[in-house]
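A look at the structure
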Amino acid sequence: MIDYKFFDQVNRAFDKAAAYTRFDSGLLSQMKSCNDILHITFPLERDDGSIEVIHGWRVEHSHHKLPTKGGIRYSLTVNEDETMALAALMTYKCAVVNVPFGGAKGGIRINKNDYSDQELERITRRFTFQLYKKNFIGPGSDVPAPDYGTGAREMGWILDTFRQISSDINAEGCVTGKPLGQGGIRGRTEATGRGVFFGIEEACSNKEDMNKIGLETGIEGKAFVVQGLGNVGYHSAKYLTEAGAIMVGIAEMDGSIYNENGIDLKKLTDYRRETGGIVGFEGAQTLEDSNTVLEAKCDILIPAALENQLNAENAQRIKAKIIGEAANGPTTSEAHEIIKKRGALIIPDNYLNAGGVTVSYFEWLKNIQHVRFGRMGKRFEEDSYKRILSVIEAVSDRKFSDKELKYLAKGGGEAELVDSGLKDTMVNSYNEINEIRKKHEVDLRTAAFISAINKVGEIYEHMGIFP
Ligand code: NAD
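Small disclaimer: the values here were computed from a predicted structure and weren't measured.

**Quick look at the overall build of the protein**
Looking only at helices and strands, the protein features 16 helices and 12 strands. By the compact-globule yardstick of 23 Å for 467 residues, the protein fits well, its C-alpha radius of gyration being 23 Å. When contacts within the protein are restricted to residue pairs at least 6 apart in sequence, those whose partners lie at least 24 apart make up 68%. Summed over its atoms, the accessible surface of the protein is roughly 20,600 Å², and 50% of this surface lies on carbon and sulfur atoms.

**Things to note about the nonpolar core**
Counting residues in each nonpolar core, the largest one holds 88 residues, and the members touching the most others are M31, I200, F224, I347 and Y351. With 11 residues, helix α3 (residues 80-96) is the single largest residue contributor to this core. Here this core gathers at least three residues from each of two domains, domain 1 (34-184) and domain 2 (190-377 + 412-467). Aside from chain neighbours lying at most four places away, what touches I200 is I219, L240, I300, I302, I347 and L352.

**So, the domain arrangement of the protein**
Along its sequence, the protein is carved into domain 1 (34-184) and domain 2 (190-377 + 412-467). Once you take the C-alpha centre of each, domain 1 and domain 2 turn out to be 23 Å apart. Of the residues lining the interface, 41 residues belong to domain 1; the matching set on domain 2 comes to 35 residues. Both sides together, the interface formed by domain 1 and domain 2 hides about 2,900 Å², and carbon and sulfur atoms give 64% of it. It is H64, K93 and V96 in domain 1 that bury the most area against domain 2; as a group they hold 22% of the surface buried on that side. Our enumeration of links across domain 1 and domain 2 arrives at 2 salt bridges.

**Re the sheet that holds strand β5 (residues 142-146)**
With respect to topology, 5 strands assemble into an open sheet ordered β1-β2-β4-β3-β5, the strand pairing being mixed. If you trace the sheet from one side to the other, it starts and ends with β1 (36-45) and β5, each paired once. Adjacent strand axes in the sheet meet at a mean angle of 20° when their direction is disregarded. Against the sheet, helix α4 (residues 117-133) engages β1, β2 (51-60), β3 (68-74) and β4 (102-108), with an angle of about 140° to β1.

**Comments concerning the site of the ligand**
Taken together, 24 residues sit near the ligand, with R73, D147, T192, E252 and N328 positioned nearest. One of the backbone N or O atoms of N231 is found 2.9 Å from an oxygen atom in the ligand. A total of 840 Å² of accessible area belongs to the ligand in isolation, and the protein chains cover 88% of it. Taken together, the elements giving at least two residues each to the shell around the ligand come down to α6 (188-204), α8 (231-242) and β7 (246-252). Within the shell around the ligand, the residues separate by chemical class into 10 nonpolar, 9 polar and 5 charged. A domain-level breakdown of the shell around the ligand finds at least three residues from each of domain 1 (34-184) and domain 2 (190-377 + 412-467).

**Details of the packing of helix α1 (residues 5-18) against helix α16 (residues 444-463)**
One way to put it is that α1 packs onto α16 with a least axis distance of 8 Å and a crossing angle of 75°. In terms of orientation, α1 and α16 fall into the roughly perpendicular class. When α1 is examined against α16, the residues V10, A13, F14, K16, A17 and A18 are found in contact with a partner set consisting of R445, T446, F449, I450 and I453. Of the residues belonging to the contact of α1 with α16, the class tally is 8 nonpolar, 1 polar and 2 charged.

**What about the side chain of S166?**
Along the chain, S166 falls in the loop between α5 (152-165) and α6. Classification of S166 as buried rests on a relative accessible area of 14%.

**What to know about a nonpolar patch on the surface**
Taken together, Y385, I388 and I392 make up a surface patch of nonpolar side chains, about 250 Å² in accessible area. Inspection of the secondary structure assignment puts I388 in helix α13 (residues 378-395).

**Some details on unusual backbone geometry**
Omega for the bond connecting L66 with P67 falls within 30 degrees of zero, at 0°, which places this linkage in the cis form. Within the secondary structure, P67 sits in the loop between β2 and β3. A positive phi angle is found at E441, which is not glycine, with a value near 50°. The topology assignment puts E441 in the loop between α15 (414-440) and α16.

**Describing the packing of aromatic side chains**
Two aromatic rings are characterised by how far apart their centres lie and by the angle between their planes. Inspection of the entire model under this criterion finds 10 aromatic pairs. Ring centres of Y132 and F162 lie 5.6 Å apart, and the angle between their planes is 85°; this geometry places the pair in the edge-to-face category. Linking Y132 in helix α4 with F162 in helix α5, this pair joins segments that are 30 residues apart in sequence. Ring geometry for Y351 against Y430: centres 5.7 Å apart, planes inclined by 55°, an arrangement best described as tilted. With Y351 in helix α11 (residues 349-352) and Y430 in helix α15, this residue pair connects regions lying 79 residues apart in the sequence. Take Y351 and Y430: they sit in the same class, and that class is buried. Put simply, the rings of F101, Y361, F362 and W364 touch in pairs and so form one group of aromatic residues. The ring of Y239 is capped by R194, whose NZ or CZ atom sits 4.5 Å from the centre of that ring.

Rules behind the numbers
Residues numbered from 1 in each chain as written. Predicted model: local features only at pLDDT ≥ 70, side-chain atom pairs only at ≥ 80, totals over all residues. Heavy atoms only, no water. Helix = DSSP H or I, 4+ residues; strand = E, 2+ residues; numbered from the N terminus. Rg over C-alpha atoms; globule rule 2.2 N^0.38 Å. Contact = heavy atoms within 4.5 Å. Areas by Shrake-Rupley, 256 points an atom, 1.4 Å probe, with all protein chains shown as cover. Core = buried A, V, L, I, M, F, W, Y, C linked by side-chain atoms within 4.5 Å. Buried < 20%, exposed > 50% of the residue type's maximum accessible area, 1.4 Å probe, protein only. Domains from an automatic or database assignment. Buried area = accessible area lost by both parts, 1.4 Å probe. Salt bridge = Lys/Arg side-chain N within 4 Å of Asp/Glu carboxyl O. Pairing = 2+ DSSP bridges. Axes fitted to C-alpha atoms, helices over the stretch in contact; angles between N-to-C directions. Near = heavy atom within 4 Å. Polar contact = N/O pair within 3.5 Å; in protein donor to acceptor, adjacent residues only side chain to side chain. Nonpolar A, V, L, I, M, F, W, Y, C, P; charged D, E, K, R; others polar. Parallel < 35°, antiparallel > 145°, perpendicular 65-115°, else oblique. Patch = residues over 30% accessible without salt bridge, like charges linked within 9 Å, V, L, I, M, F, W, Y side chains within 5 Å. Phe/Tyr/Trp six-rings, centres within 6.5 Å; stacked < 30°, edge-to-face > 60°. Lys NZ or Arg CZ within 6 Å of the ring centre and 35° of its normal.

So this is what it looks like as structure tokens:
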């Protein structure tokens, strides 16, 4: 019997928001349920010749839009409940940021550090083969991406395996987050953290909202703590620091560190590369354990590791005024209520970490169009700007230097267009859910769910799902 804890949490948040929508209970139940659930086991031959059984899952939560989309996670926490919950979150997240995909998620129950690179490659390729056999992967059906414990390398293996067994002309679009040379896109690696930054920046620019929680507008000078210095946590920290925020604390697997005057991210990253951990870093004080720093004094707390990190046990002691949910499901529903009552602003995962899937969408578009963004227009734009600048020079005394010309007449290449599309998505979506929040006097998580339910529900209504 499966204990549906995380999936229940997601559904509880859904139910709360559904009360503000016009859909009947039958349609809402259909929207909540997972359309397809695949649990597979396969043998891995380990490097020493022994055989081990590997468990993997792929869940396609909603087919209201195709393909379905969602990361693949390698972690010992992976099970059916977690994969269903994360797949459901993907459906709502895509709807919130207007990315036209259904939600899906996959995972393999392993600790990647227990396996050699060759073993991880065998696991990834075999998993892909099984997904293909069961029709759970393809550019028009279901498209995985990186998540906890996976990255571009694994996505490259997935593509290569898919290519060997499929002659689909759009094969490159079967997975996103790939290395650039295999059809990846500039900006995907950092996309989730970059999106977290844009989301927090937008929230912090709202004077009325900042007044309510006793903070000044803007990012500069705000103290933040990050839990999990992996892909999402590192990039969130990088962009926040570059914008003038001060990283005062970090939690990792081996412990946590704190320095109210700020911690140098570059030096810490070098230290971690050398020692394998963050504990003992001389630019900060080492705290008791991994969780202590979550309770430290700061303006912004960014959980960027795994689910259920802010829970009924520690929520009372969390002091941050803004919780930026970079991870999926980091705050339990009990903790959410406790933190909200204290007056803090919780920027929910189903909006805040959507930067990854947004840029995955751009990557998929690039793959099925077979052309890089900016390839057709960049030079044309640059020549047009130069012509305008030369007219300005002709009618005034102003002469532009080569450096100025280069800056002012820059056309949009792939990196610039991806960044601009991502920012536009995060800014617009924030304001959309913030409006809903004010209209219904709810929290941002409920507002994001209301937004998602309305968009998905409308499609279900017109799909004739009860033929
Ligand atoms: P990652 O594997 O790159 O990094 C996770 C980091 O968290 C690792 O450094 C790990 O050591 C650390 N960690 C694990 N447990 C911890 C604990 N208890 N305390 C402190 N640190 C801990 O994973 P990621 O891709 O950065 O994903 C992190 C979260 O963001 C997950 O919830 C994932 O679902 C979510 N997410 C990721 C993406 C993406 O594009 N990668 C997109 C959306 C959401």
